[in-house]
Amino acid sequence: MYRKFGAYDKSGCIEFKLFFPGASAYKRGGDPKIVALRVVGDFHQPLNGVQWDVSRALTLTPQAYNGGTLYSCKTDPLPDGFYQYKYLVTFVNGETRIVGDPCARYGGSDEFENAGVVVGGSTPQQNLVPPLTKRLPLQDLIIYELHIGDFTSEYRANRTPMDALIDRLDYIASLGFNAVETLPWTAWPSGDFSWGYNPFMYFSVENYYVDNPAMPAEKLSKLKRFVKECHARGLHVIMDGVFNHVEKRMFNRGFAYYWLYQELKDCPFIGDYGEGGFFENLDFGNECTQQFVLEVCKYWIEVVGIDGIRFDFTKGFYVPGDSSHGLPKLIADLRDYLGNTGQRNFSLIIEHLAGYAAIDVANQVDATSCWYDEFYWRSREWLKYGYLDGRIMRLLHSARDFGAGRVPTTYIENHDHAQVASNAGGRARWYRTQPHAIALYTVCGAPLVFSGQEFGEDYWMPEGYEETETLQRVVPRPKRWTTLGADSTAGFMRWLYGTLAAIRKAHPALRSPNFYPSVWFDSWDR
């Protein structure tokens, strides 16, 4: 439902649709208290060529729809092009706000965080994303994780990061990877560097990644081309979905539904459910939130053709014993949708940190996998402090306790942590990471490698509680491509990772749940 709202090209006109759920869709929340809703943008002639002419704003008409209220209107015919807009809301108490669109499929200028819509644009044939010839089960994937901006910053010049990323897909495939997982591409408010874990427009690609001023109507097409080029190389695309919280910012630069209610506490999409995290929590106790997030997932599956979703910080929308809301309900609904659309081997991966207890949750909610965080922490412990004991047996028995058809996602580093070479003492001590890389590629699960790991990149990151309180973690870590030809370390490590990938693919036993000894008691660990 929600993926059909927003602004669309209707035979050369723009049709705007903004939906507010009714009381039957939420337990906590209230009426938005709107007395007038208009839309303003550059679809009419700007006043003095600078500001939108608010006096010519179009009025949206309310009507009953699906238990709630749907506001809609349509422009006159317009020339093909990219148009920006916002909603001008007047509330019962006389307050007015200019707010974005929670269902916008395009972002506008970074300065004002406008919503956007395209009239005309690429033809459907140009935008077609062919599916993979054969989508593999997760246990057969070797995943390359990257931040689109950091990965491309050294070589992209004046191109968009998404365009530049395509240049290096052959490099990724040459090392034996058959899946790419980017940090979130959904839009976040501009102003600060971001990993993408502060979303505010779920149906829109981050403007920074795709904005070419000469081609504003092709923003979504750039993401589609990336997925298309991945599929042409046999690379699966796994989306990083952040559904536990949103960025509220200011009323004209935050999650629009939050600001479209006169009393912010009445917004049914925002509220406590599960463990709190950063930013504003989404309230999965309300049916409207559950529907909204499901629609976001369906949108990216249908429009872009992704092959899996990694669900970030699932403790934020999981309550033990509640199978009717949050994570269990979302995965059940997605399973039904994927089955009904004939999609097989679509990966549903949860980040339910930390420890082995995440395995139980993956089984309970019917996820394909969970992030196997113990692999990182034990590797870090052994590299930094020399701790090596019987716990390695439990770690290497990675398939233990997973239900049928489920496997761990394993890693010795990821975007959240210092890189493995840093934990080993720097690139000069790269050789200490070899046993950990070998273990990563020879146990059951889907091994994940973070960008730069394959040639010994050694960015450090604060890990402990006190460190992260005083030092910022979310900072740029540009991939240093010049390192590739700087010394023999990079060449050998690339050879090592490529060789391990080839061995893993050639020998199915390395990907199987078989492990010897099959019985290992935890009491034997020390």
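Structure's up top.
Everything quoted here is computed from the prediction, not taken from an experiment.

Notes on the overall build of the protein chain
Helices and strands together make up the secondary structure of the protein chain, namely 15 helices and 22 strands. Along the first, second and third principal axes, the C-alpha atoms of the protein chain reach 70 × 50 × 50 Å. Out of the 526 residues belonging to the protein chain, those deemed buried represent 59%. As displayed, the protein chain has an accessible area near 20900 Å², and 53% of this comes from carbon and sulfur atoms. Separation between the mean location of the 53 positive side-chain charges and that of the 61 negative ones in the protein chain comes to 4 Å.

Regarding the pattern of salt bridges
For the structure on display, the rule yields 33 salt bridges. Asp211 serves as the salt-bridge partner of Lys219, at 3.7 Å between the closest nitrogen and oxygen. The exposure class assigned to Lys219 is buried, which follows from its relative accessible area of 4%. The partner of Asp266 in a salt bridge is Lys265, and the shortest N-O contact between them spans 3.5 Å.

Things to note about the sheet that holds strand E6 (residues 68–74)
Judged by pairing direction, the sheet is antiparallel, and its four strands sit side by side in the order E1-E2-E6-E5 without closing on themselves. The outermost strands of the open sheet, each flanked by one partner alone, are strand E1 (6–10) and strand E5 (61–65). Neighbour-to-neighbour, the strand axes of the sheet open up by a mean angle of 30°, direction not taken into account. Note that E5 and E6 share five bridges and pair antiparallel. Each residue of the ladder has a partner; that of Pro62, found in E6, is Tyr71.

Let's talk about unusual backbone geometry
For the peptide bond that leads from Leu353 to Ala354, omega is 0°, which places it in the cis range. With respect to the helices and strands, Ala354 occurs in the loop between strand E19 (347–350) and helix H9 (357–365). Of note, the bond from Tyr516 into Pro517 is cis; its omega dihedral lies within 30 degrees of zero at 0°. Take Pro517: it is sitting in the segment after helix H15 (488–506). Not every positive phi belongs to a glycine, and Phe313 is a case in point at roughly 35°. Here Phe313 is to be found in the loop between strand E18 (308–311) and helix H8 (326–340). One non-glycine residue with positive phi stands out, namely Asp401, at about 75°. Within the secondary structure, Asp401 sits in the loop between helix H11 (391–396) and strand E21 (407–410).

Re the packing of helix H5 (residues 219–232) against helix H7 (residues 287–303)
Between H5 and H7, whose axes approach to 11 Å, the crossing angle comes to 70°. By the angle between their axes, H5 is roughly perpendicular relative to H7. Judged by residue contacts, Leu220, Leu223 and Lys224 of H5 engage Tyr299, Trp300 and Val303 from H7. By residue class, the composition of the contact of H5 with H7 is five nonpolar, no polar and one charged.

A few points about the packing of helix H10 (residues 373–385) against helix H13 (residues 434–441)
Remark: H10 packs on H13, axes separated minimally by 11 Å, with the N-to-C direction vectors making an angle of 160°. With respect to each other, H10 and H13 are oriented roughly antiparallel. H10 and H13 meet at a crossing whose hand is right-handed. Note on element contacts: H13 touches H10 through His436, Ala439 and Leu440, opposite Phe375, Ser379, Trp382 and Leu383. Per-class residue counts for the contact of H10 with H13 are five nonpolar, two polar and no charged.

Concerning the packing of aromatic side chains
Under the definition given, this model contains 46 aromatic pairs. Here Tyr202 and Phe255 contribute two aromatic rings whose centre-to-centre distance is 6.4 Å and whose plane-to-plane angle is 85°, an arrangement assigned as edge-to-face. Of this pair, Tyr202 sits in strand E14 (residues 201–205) while Phe255 is found in the loop between strand E16 (245–246) and helix H6 (256–259), placing the two residues 53 residues apart along the sequence. Judged by its relative accessible area of 0%, Phe255 is buried. When the ring centre of Trp481 is taken as reference, the NZ or CZ atom of Arg168 above it lies at 4.7 Å.

Considerations on the side chain of Asp322
Following the sequence through the fold, Asp322 ends up in the loop between E18 and H8. Lys27 is the oppositely charged side chain nearest to the buried, salt-bridge-free Asp322, at an N-O distance of 6.8 Å. Within the structure, Asp322 has its side chain in polar contact with the side chain of Tyr273 (distance 2.9 Å). Among the polar contacts made by the side chain of Asp322, one reaches the main-chain amide nitrogen of Ser324 at a distance of 3.1 Å. Once you skip the residues sitting within four places of it in the chain, Asp322 turns out to touch Tyr273 and Pro328.

Some points on the pairing of strand E10 (residues 115–119)
Burial within E10 is extensive, with five of its five residues counted as buried. Neither face of E10 is left uncovered, since the one carrying Ala115, Val117 and Val119 and the one carrying Gly116 and Val118 both have all their residues buried. Bridge count for strand E9 (residues 106–107) against E10 is two bridges, and the pairing is antiparallel. Looking at the pairing, Tyr106 lines up with Gly116 of E10.

Reading guide: rules and limits
Residues numbered from 1 in each chain as written. Predicted model: local features only at pLDDT ≥ 70, side-chain atom pairs only at ≥ 80, totals over all residues. Heavy atoms only, no water. Helix = DSSP H or I, 4+ residues; strand = E, 2+ residues; numbered from the N terminus. Buried < 20%, exposed > 50% of the residue type's maximum accessible area, 1.4 Å probe, protein only. Areas by Shrake-Rupley, 256 points an atom, 1.4 Å probe, with all protein chains shown as cover. Lys, Arg positive; Asp, Glu negative; His and termini not counted. Charge placed at Lys NZ, Arg CZ, Asp CG, Glu CD. Salt bridge = Lys/Arg side-chain N within 4 Å of Asp/Glu carboxyl O. Pairing = 2+ DSSP bridges. Axes fitted to C-alpha atoms, helices over the stretch in contact; angles between N-to-C directions. Parallel < 35°, antiparallel > 145°, perpendicular 65-115°, else oblique. Contact = heavy atoms within 4.5 Å. Nonpolar A, V, L, I, M, F, W, Y, C, P; charged D, E, K, R; others polar. Left-handed = near helix turned anticlockwise from the far one by under 90°. Phe/Tyr/Trp six-rings, centres within 6.5 Å; stacked < 30°, edge-to-face > 60°. Lys NZ or Arg CZ within 6 Å of the ring centre and 35° of its normal. Polar contact = N/O pair within 3.5 Å; in protein donor to acceptor, adjacent residues only side chain to side chain.

Taken by themselves, the reported measurements are silent on function.
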